[in-house]
Amino acid sequence: MDYTANLVMTLPEIVLSLGALALMLVAAWGGQAASRAISWAAVAVLIGAAIALIGPASNGGAAFYGLYQADAFAAFCKVLIYGAAAVAIIIAPRFFDSTGGDNLRPEYPVLILLSAIGMGMMVSAGDLLTLYVGLELQSLAAYVLASFMRQDARSAEAGLKYFVLGALASGILLYGMSLVYGFSGTTLFSSIATAYVDGHSKGLTFGLVFVFAGLAFKMSAVPFHMWTPDVYEGAPTPVTAFFGSAPKVAAIALTVRVAVEAMGPAVLEWRQIVIFASLASIVLGAAGAIGQTNIKRLLAYSSINNVGFALVGLAAGSTEGVAAVLVYLAIYVVMTLGSFLIVLQMRGLDGQPVETLDSLAGLSRTQPRLALALAIMMFSLAGIPPLFGFYAKFAVFWAAVQAGLFAFAAIGIAASVIGAYYYLRVVKTMYFDEPDGAGFAPMQSRIEGGLIFASAAFLSPLGYLAIPAMGVWSMAAAKVLFPS
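Being a predicted model, the structure only gives us computed values, none of them experimental. (Residues numbered from 1 in each chain as written. Predicted model: local features only at pLDDT ≥ 70, side-chain atom pairs only at ≥ 80, totals over all residues. Heavy atoms only, no water.)

Trainee: Looking at this structure, how should I read the overall build of the protein chain?
Mentor: Helix and strand counts for the protein chain come out as 23 helices and two strands. Computed over C-alpha atoms, the radius of gyration of the protein chain comes to 21 Å, within 12% of the 23 Å expected from 2.2 N^0.38 for 484 residues, which places it in the range of a compact globule. Along the three orthogonal principal directions, the C-alpha set of the protein chain runs to about 70 × 60 × 40 Å. Within the protein chain, contacts between residues at least 6 apart in sequence are counted, and of these 81% link residues at least 24 apart. By element, 71% of the accessible surface of the protein chain is carried by carbon and sulfur atoms, the whole surface being about 17,700 Å². (Helix = DSSP H or I, 4+ residues; strand = E, 2+ residues; numbered from the N terminus. Rg over C-alpha atoms; globule rule 2.2 N^0.38 Å. Contact = heavy atoms within 4.5 Å. Areas by Shrake-Rupley, 256 points an atom, 1.4 Å probe, with all protein chains shown as cover.)

Trainee: Hey, could you run me through the side chain of Ser-155 in this one?
Mentor: Residue placement: Ser-155 occurs in helix H9 (residues 153-184). Only 3.4 Å separates the side chain of Ser-155 from the backbone nitrogen of Phe-148, close enough to count as a polar contact. Apart from the residues within four sequence positions on either side, Ser-155 is in contact with Ala-146, Ser-147, Phe-148, Met-149, Gly-234 and Pro-236. (Polar contact = N/O pair within 3.5 Å; in protein donor to acceptor, adjacent residues only side chain to side chain.)

Trainee: What exactly am I supposed to notice about the packing of aromatic side chains here?
Mentor: Each aromatic ring pair is summarised here by two numbers: the centre-to-centre distance and the angle between the ring planes. Applying the stated criterion to the full structure yields 23 aromatic pairs. Each ring, one from Phe-95 and one from Phe-96, has its centre 5.4 Å from the other, and the planes form 75 degrees; the classification is edge-to-face. Assessed through its relative accessible area of 6%, Phe-95 is described here as buried. Of the residues examined, Phe-96 reaches a relative accessible area of 1% and is grouped as buried. Arranged with centres 4.3 Å apart and planes meeting at 40 degrees, the rings of Tyr-422 and Tyr-423 form a pair that is tilted. As far as the burial class goes, Tyr-422 and Tyr-423 line up, both buried. (Phe/Tyr/Trp six-rings, centres within 6.5 Å; stacked < 30°, edge-to-face > 60°. Buried < 20%, exposed > 50% of the residue type's maximum accessible area, 1.4 Å probe, protein only.)

Trainee: I tried to follow the packing of helix H15 (residues 267-290) against helix H16 (residues 295-316) on my own but got confused; where do I start?
Mentor: The axes of two packed helices give the description: the angle between them and the distance between them. It is the contact of H15 with H16, at a shortest axis distance of 7 Å, that shows an interaxial angle of 155 degrees. With respect to their mutual orientation, H15 and H16 come out roughly antiparallel. Handedness of the crossing formed by H15 with H16: left-handed. Looking at the contact of H15 with H16, its residues break down into 17 nonpolar, six polar and one charged. (Axes fitted to C-alpha atoms, helices over the stretch in contact; angles between N-to-C directions. Parallel < 35°, antiparallel > 145°, perpendicular 65-115°, else oblique. Left-handed = near helix turned anticlockwise from the far one by under 90°. Nonpolar A, V, L, I, M, F, W, Y, C, P; charged D, E, K, R; others polar.)

Trainee: How should I be thinking about the nonpolar core in this particular structure?
Mentor: Generally speaking, soluble globular proteins have nonpolar side chains that are buried together. If you look at the biggest cluster of nonpolar residues, it comprises 178 residues, and the most contacted ones within it are Phe-243 and Met-263. In this structure, Met-263 is in contact with Val-180, Tyr-196, Leu-208, Val-211, Phe-212, Val-258 and Trp-270, ignoring residues within four places of it in sequence. (Core = buried A, V, L, I, M, F, W, Y, C linked by side-chain atoms within 4.5 Å.)

Trainee: For this particular structure, what's the right way to read a nonpolar patch on the surface?
Mentor: A cluster of nonpolar side chains, contributed by Val-283, Ile-290, Ile-418 and Tyr-421, occupies part of the molecular surface with about 320 Å² of accessible area. Every element with two or more residues in the nonpolar patch is listed here: H15 and helix H21 (406-432). Examined against the element boundaries, Tyr-421 turns out to sit in helix H21. (Patch = residues over 30% accessible without salt bridge, like charges linked within 9 Å, V, L, I, M, F, W, Y side chains within 5 Å. Salt bridge = Lys/Arg side-chain N within 4 Å of Asp/Glu carboxyl O.)

Trainee: Teacher, can you tell me more about unusual backbone geometry here?
Mentor: With the exception of glycine, most residues fall at negative phi, and the peptide bonds are largely trans. A cis amide bond, omega 10 degrees, links Val-222 with the succeeding residue Pro-223. One can find Pro-223 in the loop between helix H11 (202-219) and helix H12 (228-234). Across the junction of Pro-385 and Pro-386, the peptide omega takes the value 10 degrees, indicating a cis bond. Mapped onto the secondary structure, Pro-386 falls in the loop between helix H19 (368-382) and helix H20 (388-402). With a phi close to 60 degrees, Ser-220 is a non-glycine residue in the positive phi region. Relative to the assigned elements, Ser-220 resides in the loop between H11 and H12. Among the residues examined, Ser-220 registers a relative accessible area of 0% and is labelled buried.

Trainee: It is not clear to me how the pattern of salt bridges should be interpreted in this structure. Could you clarify?
Mentor: Proximity of charged atoms lets side chains of opposite charge pair with each other. Evaluation of the coordinates by the stated rule reveals 11 salt bridges. Its salt-bridge partner being Asp-230, residue Lys-161 comes within 2.9 Å of it at the nearest N-O pair. In this pair, Lys-161 is assigned in helix H9 and Asp-230 in helix H12, connecting sequence segments 69 residues apart. On the basis of relative accessible area, Lys-161 is assigned to the partly exposed category, the value being 29%. Residue Asp-230 is classed as partly exposed on the basis of its relative accessible area of 26%. Taking the shortest distance from any N to any O, the salt bridge between Asp-433 and Lys-428 comes out at 3.1 Å. Looking at Asp-433, the relative accessible area reads 23%, which means it is partly exposed.

Trainee: Help me out: how do you make sense of helix H17 (residues 319-344) in this one?
Mentor: Counting along an α-helix, one turn takes 3.6 residues, and residues three or four places apart therefore face a common direction. Across its 26 residues, H17 extends 38 Å between first and last C-alpha, which sits within 8% of the 38 Å expected from 1.5 Å per residue. For H17, the tally of buried residues reaches 25 of 26 residues, placing the bulk of the element in the interior. (Expected span 1.5 Å × (residues − 1).)

Trainee: Before we go on, may I ask you to explain the environment of Ile-384 in this structure?
Mentor: By the element assignment, Ile-384 lies in the loop between H19 and H20. For Ile-384, a relative accessible area of 27% corresponds to the partly exposed category. Sequence separation between Ile-384 and Phe-394 is 10 residues, and the spatial gap between their C-alpha atoms is 10 Å.

Trainee: Would you take a moment to explain helix H2 (residues 11-30) for this structure?
Mentor: Taking 1.5 Å of rise per residue, the 20 residues of H2 would be expected to cover 28 Å, and the 28 Å separating its terminal C-alpha atoms lies within 8% of that figure. Every buried residue of H2 is accounted for by Pro-12, Glu-13, Leu-16, Gly-19, Ala-20, Leu-23 and Ala-27. Take H2 and look down its axis: the buried residues cluster within an arc of 130 degrees, on one side only. Of the residues in H2, the exposed ones pointing more than 90 degrees away from the buried face are Leu-18, Leu-21, Ala-28 and Trp-29. Tucked into the core, H2 has its buried residues touching helix H1 (3-9), helix H3 (35-51), helix H4 (56-59), strand E2 (68-70), helix H5 (72-90) and helix H7 (107-123). Once H2 finishes, Gly-31 follows within two positions and takes phi at roughly 70 degrees, a positive value. (Arc of directions from axis to C-beta.)

Laid out in structure tokens, this is it:
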């Protein structure tokens, strides 16, 4: 084995690891005063990791005897992960400064980098052991991030709930992995697929069920979604924006890789699980959001709802279906980050965060540009044409129809109408309700304003201009999982 070639294929993770270690040392010496400098340095490290994807890191193939996969599928997902992580770092300083105390600490960007390493390992996993190591690295950093505001009881509660339920999910996943290993004799995805071809024993089937149950928790898919609203509400808003984007991409991409590469021959078995989780997530995510009065809890149920739509493409079990999932994830990340960027602007005149939906009343008159941007996010999340979010839903449902899953697609489309209600309720509150207070403080960050404008522009009909490039890239990434 050529270790040099293998290390080159893992260059993005090496860049992130060295960067995180170096910045941790800077944090130890520089202390609180170095927080902003470390944050921008962490963004530079993420950009360096993205640049490192050029070359063998995106087309090198299997590394370290198949434990790690450096391919176009992983590269596509890592670009989304690094971008979302960078945004989560950029928007954090102003938020933590406004909360007072010493909440802005240099450990925050370091934890984001460590989580990005874990997510990179997840999407590049070619073995159950690599899968678990990457997933736990991401999770351990996430537990700390959820409870990052030590003086806030809600943040501490969010971290504790996430940790306890995450430990349970890890146990379920480990049990499923042990069953798969016990009945296949291997942990490599390619060899596991061979075992499924040779014959479906009950042990392998049970292992499949438990593995998908553990992964469903990481995606926050129904029925393993219960942690999502509380964690999203309690965690600091920049952390919630991070949870709603990058880890979602990693978890869904990991599930796609496991389903196609490791358990592809058992498609009839896991398709039933995916269809149930998809429809249940679409319906429960939409129904659960209807009664919410907190914008972060509403967006939490929205994320559950969107996981259901992403799984529609996976249920197709085809190259087109996987490509549709990747396209959906790319658009979903922008919709989620854009929505939480606007939540960050919801501040009273005293500078304190406001999270109630009622506070949006009359926003179209007090801050029309912010209201327009939020309306674009909501209409796009609802999948209403001509906004770009419509194309995301169209892509996954078209893949399901091409796979012959007509009834599934019809039920999913009908269920999506439920979700339109609570998105439209937000728009109605902004444009038709009378203001009941002094409104929000003016936007103070040009960077956040620029990111909101860029998100809104991408989700507008201008986003359709990106379809040719996005289609070619996503299809090339999907074909990696389906070798001819």
